[in-house]
Each structure stands twice: as C-alpha cells, then as structure tokens.
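Fold and contact review
Okay, here's what each chain looks like letter by letter:
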Amino acid sequence: MQRRHILRTGAVATAATALGLGTSSATASAAPAEGKSGRTRELCVHTVLFDDVEEQDFAGPVEVLGILRDAGKCRITQSFVTADGPRTVRTSSGMYIDVRDPWAPEDADVLLVPGGGYGKGSGVDDEIKRGVLPRALARAERPGLIMGGICTGVMLMSAAKITRGRPCTTHFAAREDLADQGGKLTFGRVVDDGDLITCGGVTSGLDLALWLAERLYGPKTALLAEMILEYERRGTVWRAEA
C-alpha cells in the first residue's frame, strides 16, 4: 500500500483532519498552509552517500521527509549526492544505489550526513582517510545551510572541523573521539545548535528528522509523521538558547 493512500484513508486520515492537517486530494494539491512558525517555501534536502554508508542512518530521514511531502503540507525535494558527483554507491549491507544528482550544496537548505560504522576498515574511516568528503563538507558550510550529522556521520563533520567548539553528539562508540577532536560533547539524543544538528545512535536519524519537521513546520506536522511511522521519538532534544 502506498504512503499517499494510507494518508488519505482510515484512522490516520481522521486523526490528520483532527490535527488540522487534512489530506484530501484538494488539500494535497493546494499551497502549504502552515502555522505562524511553519515554513511555506520549498525545502531542498541533500543526503550524502558514500561506500559502506549505513542504510538506517539515511533511510529514516528520507522516510520522514517523504511522509511530510506526501501529506501535501510541505514542499520538499530530496536528492542523494556524493562528494565525487554522480556514481554508484555500495551500502554497508552490499546493496547498490545509483546517485544521479551532482554535488551542489549551494542549492541545498539541509545537508544530511549519515554514518557508516566506526573504526578501522569502516566506511567512515575510509572516507576520513581519503579526505575528499571531509574537504567537501568543510567547503559546503555557509550561512543559511542546516547541516545534520547522523550517528557516526558526525565524525565526518568532525574531520571537516565543523563540530569544533560546538555542542554535538554521535554514536557512543565515537563520543570520546568527538570530544578529543574539539566537539563540545552534549548528551542529548538530538543536539540542535542552530545550523548544526547532530544525533547519536543508528536509529537516531528518525529522531533528528522528526525534530527538524517540528522545528520547520510545527509540532502537528511532526506528530502526523510519527503517526504514519507508528514511531515515538526517543530521548531528549538539547537545543541551544535562542
């Protein structure tokens, strides 16, 4: 059953209507109607892939953002990218993904960096040693771009010196290294420092994406995604004071 059909039938549709997030065909084709704090312009999200990337790290955010788009309330476009440009990526489970879009962080509103294991021989370790992706991430940093590090993907951002001196978190296996490399280790499930959002744990990409949904579109929109996923956010979001 397709997500769009689920969104328009049964208990989910009834609950969505009660939340003020109706998902009829007319609503879906209409312009977004967010609350005062909701985003109304299109959100462009680039998710960075590399060989031996962890599937769960990037699949969670892609699913959450896809739900918001399919609900007809959020204009979101998503792309897979690699620092090497279009190519085929081999994931940690041995599956292959054809990445067709160019590396263009200047076109993104959000740049998500998933992890890929940790330690010698891992995808993250290989990318840090190769150096291409950390250098590309360092060049991508700019005002207006939200960079999100998921699990050990945060260590790729650390290698790019993006986390230095900033509140951040990662998978427990890499936390000591993150602190040693200058990150201000913060023990939240999700750590939001404005244009840098990080999270710790393989499944934490779901929590980061749901928090991003709440931050950009409001709690009702995030709740709708939770309902479709039948997933309740874990842990605490640490947020820098405004």
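Residues numbered from 1 in each chain as written. Predicted model: local features only at pLDDT ≥ 70, side-chain atom pairs only at ≥ 80, totals over all residues. Heavy atoms only, no water.

1. What about the overall build of the protein?
Put simply, the rule reads: To qualify as a helix, a DSSP run of H or I must reach at least 4 residues; to qualify as a strand, a run of E must reach at least 2; elements of each kind are numbered from the N terminus. Each residue gets one of three labels from its accessible area relative to the maximum for its type: buried under 20%, exposed over 50%, partly exposed in between, using a 1.4 Å probe on protein chains only. Per-residue and other accessible areas follow the Shrake-Rupley method at a 1.4 Å probe size, with only the shown protein chains counted as cover for residues.
Across its full length, the protein carries 10 helices and 11 strands. A burial count over the protein gives 52% of its 242 residues as buried. In the form shown here, the protein has an accessible surface area of approximately 11000 Å², with 50% of it arising from carbon and sulfur atoms.

2. Some details on the packing of helix α9 (residues 204-217) against helix α10 (residues 219-229)
To describe two helices that pack against each other, one gives the angle between their axes and the distance between the axes. Formally: Structural elements are reduced to axes, namely lines fitted to C-alpha atoms, with helices fitted over the stretch in contact, and the angle between N-to-C directions of any two is expressed from 0 to 180 degrees. The contact criterion used is simple: two residues touch if any of their non-hydrogen atoms lie within 4.5 Å. Gly falls in the polar group here, along with every residue not listed as nonpolar (Ala, Val, Leu, Ile, Met, Phe, Trp, Tyr, Cys, Pro) or charged (Asp, Glu, Lys, Arg).
The interhelical angle for the contact between α9 and α10, taken along N-to-C directions, is 150 degrees, at an axis separation of 6 Å. Counted together, L206, L210, A213, E214 and Y217 of α9 and P219, T221, A222, A225, E226 and L229 of α10 form the full contact between these two elements. Considering only residue class, the contact of α9 with α10 consists of 8 nonpolar, 1 polar and 2 charged.

3. A closer look at unusual backbone geometry
Backbone geometry at D52 places phi at a positive 70 degrees, although glycine is not the residue there. Inspection of the secondary structure puts D52 in the loop between β1 (43-48) and α4 (55-70). If you check the backbone angles, C151 has positive phi at about 55 degrees while not being a glycine. Note on placement: C151 falls in the loop between β6 (146-150) and α7 (153-159). The class for C151 is buried, based on a relative accessible area of 4%.

4. Description of the pairing of strand β10 (residues 196-199)
Selection criterion: We call two strands paired when DSSP finds no fewer than two bridges between them.
Side chains L196 and T198 of β10 all project onto a buried face; the interleaved residues I197 and C199 project onto the opposite face, where all are buried too. In the sheet, strand β9 (residues 190-192) pairs with β10 via 3 bridges, with the strands oriented antiparallel. What sits directly across from V190, in β10, is C199. What sits between β9 and β10 in their antiparallel hairpin is a turn of 3 residues, with G194 showing a positive phi close to 80 degrees.

5. Concerning the nonpolar core
To keep things clear, this is the line we draw: In plain words, nonpolar cores are sets of buried Ala, Val, Leu, Ile, Met, Phe, Trp, Tyr and Cys residues tied together by side-chain atoms within 4.5 Å.
Grouped together as the largest cluster of nonpolar side chains are 29 residues, with contacts concentrated most on L43, V45, L68, I76, V110 and Y217. Breaking this core down by element, the ones donating at least two residues are β1, α4, β5 (110-113), β6, β10, α9 and α10. The dominant element in this core, judged by the number of residues it contributes, is α9, at 9 residues. Setting aside anything within four residues of it in sequence, one finds V45 in contact with L65, I76, T77, Q78, S79, V110 and L112.

6. Observations regarding the side chain of S79
Put simply, the rule is: In the analysis that follows, any N or O atom pair within 3.5 Å is treated as a polar contact, provided that within protein one partner can donate a hydrogen and the other can accept it, and provided that, for residues neighboring in sequence, both atoms belong to side chains.
Residue position: S79 is located in strand β2 (residues 76-81). Within the local environment of S79, its side chain forms a polar contact with the side chain of D101, the two groups lying 3.3 Å apart. When sequence neighbours within four positions are dropped, the list of residues in contact with S79 reads V45, H46, T47 and D101.

7. Focus on the sheet that holds strand β11 (residues 237-239)
As summarised here, the arrangement of the 7 strands in space is β2-β1-β5-β6-β10-β9-β11, forming an open sheet in which the pairing is mixed. Only two strands of the sheet have a single neighbouring strand rather than two, namely β2 and β11. Direction aside, the axes of adjacent strands within the sheet are offset by 15 degrees on average. Note that β5 and β6 share 4 bridges and pair parallel. Bridge pairing in β6 links V110 to I146. α4 rests against β1, β2, β5 and β6 of the sheet, and its axis sits at about 155 degrees to β2.

8. A short note on the confidence of the model for the protein
Let me state the cut-off plainly: One confidence number per residue, pLDDT, is output by the predictor and ranges from 0 to 100.
Counting all residues, the mean pLDDT for the protein is 89, and 83% of those residues have values of 70 or more. Below pLDDT 50 for its whole length, residues 23-36 participates in 23 contacts with residues either more than four positions away or in separate chains.

9. Some thoughts on the side chain of E226
Looking at the secondary structure, you find E226 in helix α10. Taking relative accessible area as the criterion, E226 reaches 14% and is therefore assigned buried. In contact with E226, other than residues within four places in its own chain, are L210, Y231, E232 and R233.

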